[in-house]
Amino acid sequence: MSFAGIPRIRISERVGARTRVSAVYLKPRDGEMAMCCWQKSALGASDADKKIYYDAAMAALQAIAEQRPDLKATFGPDRPSALIGAALGAIFFIGATYLGIGEINTIFWIAAALISAVYAYSAARSGVFKPTRTLTLLEARNELAANAAR
């Protein structure tokens, strides 16, 4: 298998209050995004599924690194999807609060502020504001190995 047509790799990991999302994306030269590995666990995936994902992601990085030692990977959060998800979740629950209360009053504003604070805290804890780094593929593989141990 040849990896000559892949100019970049993106690795995205974030952890929410009840979810963990990790993905390795390969970007071919034709501009279409090809996803190599992806894991999302709501309330924690089974240990077997987690192991399969991380083993596959690390094996893919190892195989690519053997053919393309010059290739780098960007490692960091996928900010747009994380922030959009947090905003949509907050909007949904604030809307449900409005429907439950039936009017905009002090209780609604307090509830909306608390819901917004919870979603903002969750987004901040997820790692969405961590800087994106450029790593060699072997460094990225080692980073995934460390994350797999968590």
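For clarity, every value in this text was computed on a predicted model and none was experimentally measured.

Parameters and conventions
Residues numbered from 1 in each chain as written. Predicted model: local features only at pLDDT ≥ 70, side-chain atom pairs only at ≥ 80, totals over all residues. Heavy atoms only, no water. Helix = DSSP H or I, 4+ residues; strand = E, 2+ residues; numbered from the N terminus. Buried < 20%, exposed > 50% of the residue type's maximum accessible area, 1.4 Å probe, protein only. Contact = heavy atoms within 4.5 Å. Phe/Tyr/Trp six-rings, centres within 6.5 Å; stacked < 30°, edge-to-face > 60°. Core = buried A, V, L, I, M, F, W, Y, C linked by side-chain atoms within 4.5 Å. Salt bridge = Lys/Arg side-chain N within 4 Å of Asp/Glu carboxyl O.

A. Up close: the side chain of threonine 97. Inspection of the secondary structure puts threonine 97 in helix H2 (residues 79-101). We classify threonine 97 as buried; its relative accessible area is 18%. Apart from the residues within four sequence positions on either side, threonine 97 is in contact with Phe108, Ala111 and Ile115.

B. Broad picture of the environment of leucine 61. Checked against the element boundaries, leucine 61 lands in helix H1 (residues 47-67). Residue leucine 61 is classed as buried on the basis of its relative accessible area of 0%. Excluding residues that lie within four positions of it along the chain, leucine 61 makes contacts with Ile9, Ile11, Val24, Leu137, Ala140, Arg141 and Leu144.

C. Inspection of the packing of aromatic side chains at higher detail. One pass over the structure, following the stated rule, counts 4 aromatic pairs. A centroid spacing of 5.3 Å and a plane angle of 70° characterise the contact between phenylalanine 108 and tryptophan 109, whose relative ring orientation is edge-to-face.

D. Local environment of the nonpolar core. Residues Ile9, Ile11, Val24, Leu61, Leu137 and Leu144 are the most contacted members of the largest nonpolar core, which totals 20 residues. It is H1 that provides the largest number of residues to this core, a total of 7 residues. With residues up to four places along the chain from it excluded, the contact list for leucine 144 reads Ile11, Glu13, Ser22, Val24, Tyr54, Ala57, Met58, Leu61 and Phe75. By size, the runner-up hydrophobic cluster in this structure holds 5 residues, among which are Ala90, Ile94, Ala112 and Ile115.

E. Structural view of the pattern of salt bridges. Per the counting criterion, the structure on display carries 2 salt bridges. Here arginine 68 and aspartate 70 are joined by a salt bridge, their closest N and O atoms 3.3 Å apart. Here aspartate 70 falls in the exposed class, since its relative accessible area comes to 52%. Of the charged contacts in the structure, one is a salt bridge between glutamate 143 and arginine 133, with a shortest N-O distance of 3.0 Å. Placement of glutamate 143 in helix H4 (residues 137-148) and of arginine 133 in strand E5 (residues 133-136) is noted, with a sequence separation of 10 residues between them. For glutamate 143, a relative accessible area of 25% corresponds to the partly exposed category. A relative accessible area of 33% means that arginine 133 is categorised as partly exposed.

F. Spotlight on the environment of alanine 145. Position of alanine 145 among the secondary structure elements: in helix H4. Since its relative accessible area comes to 32%, alanine 145 is described here as partly exposed. Spatially, the C-alpha atom of alanine 145 lies 7.4 Å from that of methionine 58, the residues being 87 residues apart in sequence.

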